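So you can see what is in the structure, the chains are spelled out below.
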Amino acid sequence: MKAENNRPEQRLQGTAAAPGVARGPVYLLMKGMAIVACQKVSDPEAEIRRLESALGATRREISKLRDDVALKLNESEASIFDAHLLVLEDVALIDDVTREVKQTGFNVEFCFQEVAQRYIEIFEKMDDDFLRERAADIRDVTGRVLEQLLGTQPERAGEAAKLHVVVARDLTPSDTAGLHDDGVSAFVTEEGGRTSHSAIMARSLDIPAVVGVKGLMEAVQEGDVILVDGESGLIVLNPTPETIDGYRGKEQAIRNRRDRVLREVALPDLTSDGTAFMLLANIGDPAEMEDALGYCARGVGLYRTENLYLRLDSWPSEEVQYLEYAEVVQQAKGLPVTFRTLDLGGDKRLGDLADEANPFMGYRAVRLCLERPDVFRPQLRAIIRAAVLGPVQVMFPMISGVEELRRAKEIFRDVEAELAREGVWPASPIRLGAMIEIPSAAAVAAELAAESDFFSVGTNDLVQYLLAVDRGNQRVASLYDPCHPAVVRTLIAIFGAAQDRGIPVAVCGELGGDPLWAPLLVGLGVHELSMTPAALPEVRFVLRHSDATELRELAAKVTCADAAKTRTLLQDFAAAKLKLR
Ligand code: PEP
Ligand code: MG
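Residues numbered from 1 in each chain as written. Chains lettered and ligands numbered in written order. Predicted model: local features only at pLDDT ≥ 70, side-chain atom pairs only at ≥ 80, totals over all residues. Heavy atoms only, no water.

(A) Local environment of the site of ligand 1. Taken together, 17 residues are adjacent to ligand 1, and Arg340, Gly458, Asn460, Asp461 and Arg471 come closest. Within the contact set of ligand 1, an oxygen atom lies 3.4 Å away from a backbone nitrogen or oxygen of Gly458. In this structure, an oxygen atom belonging to ligand 1 sits 2.9 Å away from a side-chain N or O atom of Asp461. The protein chains hide 100% of the 280 Å² of surface that ligand 1 would expose on its own. Here ligand 1 is seated within the largest cavity. Of all the elements in the fold, those that place two or more residues in the shell around ligand 1 are helix 7 (197–205), strand 10 (300–304) and helix 18 (459–467). (Near = heavy atom within 4 Å. Polar contact = N/O pair within 3.5 Å; in protein donor to acceptor, adjacent residues only side chain to side chain. Areas by Shrake-Rupley, 256 points an atom, 1.4 Å probe, with all protein chains shown as cover. 1 Å grid on protein atoms, 1.4 Å probe; cavity = no way out; pocket = protein on both sides within 12 Å on 5 of 7 lines; lining within 4 Å. Sits in = over half its atoms within 2 Å of the grid points. Helix = DSSP H or I, 4+ residues; strand = E, 2+ residues; numbered from the N terminus.)

Written out as structure tokens, the structure is:
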């Protein structure tokens with residue numbers, strides 16, 4: 001049987017990124033390339049005047065961006081925008097558009113998009129690397145001109161996407177945040193992996209999502225209906241009535257499982273034999289505290305401070321940061337809050353950070369902070385001021401060795417002393433931790449443990465760097481395998497180093513909130529797991545229904561296993577606890 005719109009059903013497999021099943025009409029989000037209707041116009045000269053004014057507005061926009069970057073970074077970073085300004089001066093491109101408007105009598109945005117696309121394709125096919133890279137400049141600049149002509153913000157889905165399933169080639173974390181406000185019911189992307197930041201954000205927003213769907217953009221059409229299975233990573237385009245019926249059972253099973261785990265959400269963090277563990281929340285917005293507390297988090301194990309920067313798309317002042325952190329600490333009502341200092345870079349890019357060939361290995365997180373006291377110190381001041389209101393910890397992301405940790409701590413203690421002179425005293429001493437998420441940090445974990453008050457293991461990055469697999473790249477998503485023995489062994493070494501030194505170790509990467517992994521981590525001696533709030537009930541349920549001995553036995557079995565065996569052991573264990581089989 002066919003779907004209602006008469007298009008054949010088509011199934012595509014991607015990576016499950018956020019749980020839940022959703023179905024709805026497709027909303028195609030063509031980032032940087034809006035869908036432009038072709039219309040005859042009565043006054044081509046007026047169209048050309050619109051083009052001139054759009055070019056002028058774009059010129060002003062880019063010049064402003066250029067000046068901001070020159071001020072905040074340096075002249076050489078800003079010079080990229082000179083190249084962008086040159087595209088706007090390209091007489092050949094502008095002449096081609098003008099001619100096309102006059103000859104065809106079509107609207108200028110349509111003609112502009114056609115010509116721009118032609119130019120992009122010509123440059124993309126060039127042999128010379130330098131010239132090929134100009135295609136990206138042209139795409140970027142012409143996208144801005146198109147925005148001006150259309151008077152739109154093409155990166156936002158907006159009201160029109162309400163109750164739709166957004167389909168895009170890729171999404172940035174800030175796009176994803178916007179989707180939630182737009183009332184989108186699910187999203188699917190061709191690019192991306194389970195731990196890319198847009199996937200993490202989807203989980204915290206509780207929107208079902210599938211990422212890394214090869215061939216998606218080619219298969220999907222405006223007018224399609226799509227079913228998204230965020231549990232298995234399957235998407236079904238134009239599902240038949242039979243497929244929809246079949247899914248009703250699965251949706252019901254998911255609801256039943258959720259109800260069961262929610263019934264126990266407020267019970268203590270104790271295994272069935274009374275061993276304590278502690279489940280905390282990963283959040284990046286004060287609004288998420290409600291969910292965190294609703295699901296009985298015992299505090300915030302990871303506050304992603306860069307989300308404020310991404311929401312504002314600019315560098316917030318100390319005061320703006322203070323207000324946000326103070327709100328979080330107050331809402332936590334005495335529960336501990338761990339602020340991670342700024343982790344911009346990688347796939348979390350602020351508009352005016354220069355592009356890099358390898359952003360995940362580039363100017364990111366603590367590297368940026370150590371070079372930018374004008375950014376780092378106001379953030380630390382804001383955190384320490386908020387700590388007057390309740391217990392706070394601070395951790396530094398992307399620590400690669402002891403030297404870096406010492407420098408970050410030194411700056412922190414200096415800022416703390418400065419505030420003490422101003423009469424600002426935290427409610428309790430602020431403990432300083434290192435995030436362990438780079439293999440070099442894991443290799444010197446013993447030395448880092450000697451200088452840290454605690455460790456927090458960022459498994460999302462650790463797995464990507466350890467296995468040299470980009471966490472957001474769909475092509476290599478199958479290689480991003482936390483069950484790889486190298487990952488298991490490295491985790492054991494990190495936990496061991498912390499335990500030998502007697503400092504607490506938490507896991508705040510996605511593995512901590514995975515009901516498959518949580519039993520293993522606790523079995524390996526980790527007592528604190530921090531996760532997206534929506535993951536708390538299920539992880540709590542699995543751990544509460546386990547006893548410490550069987551968790552240790554599971555860990556003993558897994559440590560000597562290969563990846564496939566590890567996966568089976570973890571799946572069987574969680575399935576038995578959740579009574580899935
Ligand atoms: C991690 O890398 O595991 C982590 C928690 O940080 P993020 O996902 O923000 O890089
Ligand atoms: Mg990380």
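(B) Molecular detail of the nonpolar core. Phe396, Phe455 and Leu529 are the most contacted members of the largest nonpolar core, which has 102 residues in total. Excluding residues within four positions of it along the chain, Phe455 makes contact with Ala434, Ile436, Ala445, Leu448, Ala449, Ile494, Ala498, Ile503, Pro504, Val505 and Ala506. (Core = buried A, V, L, I, M, F, W, Y, C linked by side-chain atoms within 4.5 Å. Buried < 20%, exposed > 50% of the residue type's maximum accessible area, 1.4 Å probe, protein only. Contact = heavy atoms within 4.5 Å.)

(C) Just the pairing of strand 7 (residues 225–229), in detail. In terms of burial, strand 7 is largely enclosed, as 4 of its 5 residues are buried. One ladder, built from 4 bridges, connects strand 7 with strand 8 (residues 234–237); its direction is antiparallel. Residue pairing for strand 8: Asp229 is matched across the bridge by Leu234. Joining the antiparallel neighbours strand 7 and strand 8 is a turn of 4 residues, in which Gly233 adopts a positive phi near 85°. (Pairing = 2+ DSSP bridges.)

(D) Highlighting the side chain of Asp96. Mapped onto the secondary structure, Asp96 falls in helix 3 (residues 91–104). Of the polar contacts made by the side chain of Asp96, one reaches the side chain of Arg99; its length is 3.2 Å. Excluding its chain neighbours within four sequence positions, the residues that come into contact with Asp96 are Val115, Arg118 and Tyr119.

(E) Inspection of helix 18 at higher detail. Burial analysis of helix 18 places 8 of its 9 residues in the buried class, which makes it a mostly covered element. All of the buried residues in helix 18 are Thr459, Asn460, Asp461, Leu462, Val463, Gln464, Tyr465 and Leu467. Summarising the contacts, the buried residues of helix 18 are in contact with helix 7, strand 10, helix 16 (439–443), strand 14 (454–457), helix 19 (485–501) and strand 15 (505–507). Ala468, located one to two residues past helix 18, shows a positive phi value of around 55°.

(F) Looking closely at the packing of aromatic side chains. Counted under the stated rule, the structure contains 6 aromatic pairs. Arranged with centres 6.1 Å apart and planes meeting at 85°, the rings of Tyr309 and Trp315 form a pair that is edge-to-face. Each member of the pair, Tyr309 as well as Trp315, carries the same accessibility label: buried. Pairing Tyr325 with Phe339 gives two aromatic rings, centres 4.9 Å apart and planes at 50°, and the pair type is tilted. Linking Tyr325 in helix 12 (residues 318–332) with Phe339 in strand 11 (residues 337–340), this pair joins segments that are 14 residues apart in sequence. Accessibility assignment for this pair places Tyr325 and Phe339 in one class, buried. (Phe/Tyr/Trp six-rings, centres within 6.5 Å; stacked < 30°, edge-to-face > 60°.)

(G) Molecular detail of the sheet that holds strand 7. The strand order 1-8-7-3-4-5-6-2 describes an open sheet built from 8 strands, whose pairing is mixed. Only two strands of the sheet have a single partner each, and these edge strands are strand 1 (10–13) and strand 2 (15–18). Adjacent strand axes in the sheet meet at a mean angle of 30°, parallel and antiparallel pairs treated alike. Alignment of strand 3 (residues 21–29) against strand 4 (residues 165–168), held across 4 bridges, turns out to be parallel. Paired with Val26 across the bridge in strand 4 is Val165. Strands strand 2, strand 5 (186–189) and strand 6 (209–211) of the sheet are contacted by helix 7, whose axis makes an angle of about 50° with strand 2. Docked against the sheet, helix 9 (residues 241–263) engages strand 1, strand 3, strand 7 and strand 8, running at close to 115° with respect to strand 3. (Axes fitted to C-alpha atoms, helices over the stretch in contact; angles between N-to-C directions.)

(H) Up close: the coordination of the magnesium ion (ligand 2). Bound to the magnesium ion (ligand 2) on the protein side are Glu437 (OE) and Asp461 (OD), at distances that span 2.0 to 2.1 Å. Of this pair, Glu437 sits in the loop between strand 13 (431–436) and helix 16 while Asp461 sits in helix 18; the two residues are 24 residues apart in sequence, bridging distant segments of the chain. Taking the relative accessible area as the measure of exposure, Glu437 reaches 2% and is therefore buried. (Donors = N, O, S within 2.8 Å, 3.2 Å for Na, K, Ca; no water.)

(I) View of helix 3. Between its first and last C-alpha atoms helix 3 spans 20 Å; for 14 residues at 1.5 Å apiece the expected length is 20 Å, and the two agree. Within the sequence span of helix 3, burial applies to Leu93, Asp96, Val97, Thr98, Glu100 and Val101. Of the residues that open helix 3, the one with a side-chain oxygen 3.0 Å from the backbone nitrogen of Ala92 is Asp90. Phi turns positive, to about 75°, at Gly105, one or two residues after helix 3. (Expected span 1.5 Å × (residues − 1).)

(J) Inspection of the sheet that holds strand 9 (residues 278–283) at higher detail. Sheet architecture is closed into a barrel: 8 strands sit in the order 9-10-11-12-13-14-15-16, paired in parallel fashion. Direction aside, the axes of adjacent strands within the sheet are offset by 25° on average. With 4 bridges connecting them, strand 13 and strand 14 associate as parallel partners. The residue bridging Ile436 from the neighbouring strand is Val457, located in strand 14.

(K) Summary view of empty space enclosed by the protein. One pass over the structure, following the stated rule, counts 2 cavities of 30 Å³ or more. Roughly 80 Å³ of internal volume is contained in the largest cavity. Taken together, 16 residues make up the lining of the largest cavity; nearest its centre are Arg304, Arg340, Glu437, Asn460 and Asp461. Where the lining of the largest cavity is concerned, the elements lending two or more residues are strand 10 and helix 18. (Points joined across faces, edges and corners; volume = space filled by probe spheres on them.)

(L) How the structure looks around the pattern of salt bridges. Following the criterion strictly, the structure yields 39 salt bridges and no others. Note that Arg364 is salt-bridged to Asp343, the shortest N-O span being 3.1 Å. Of this pair, Arg364 sits in the loop between strand 11 and helix 13 (365–371) while Asp343 sits in the loop between strand 11 and helix 13, and the two are 21 residues apart along the sequence. In this structure, the salt-bridge partner of Asp374 is Arg372, at a minimum N-O distance of 3.0 Å. Taking the relative accessible area as the measure of exposure, Arg372 reaches 6% and is therefore buried. (Salt bridge = Lys/Arg side-chain N within 4 Å of Asp/Glu carboxyl O.)

(M) Structural context of the domain arrangement of the protein chain. Domain boundaries assigned for the protein chain yield domain 1 (10–31 + 155–239), domain 2 (44–150) and domain 3 (261–434 + 504–578). Summarising the inter-unit geometry, the C-alpha centres of domain 2 and domain 3 are found 42 Å apart. (Domains from an automatic or database assignment.)

(N) Unusual backbone geometry, seen in detail. The phi torsion at Lys333 lies on the positive side, around 45°, for a residue other than glycine. You can see Lys333 is positioned in the loop between helix 12 and strand 11. Positioned with a positive phi, Met398 is a non-glycine residue whose angle comes to about 60°. Among the secondary structure elements, Met398 is positioned in the loop between strand 12 (392–396) and helix 15 (402–421). Residue Met398 is classed as buried on the basis of its relative accessible area, which comes to 0%.

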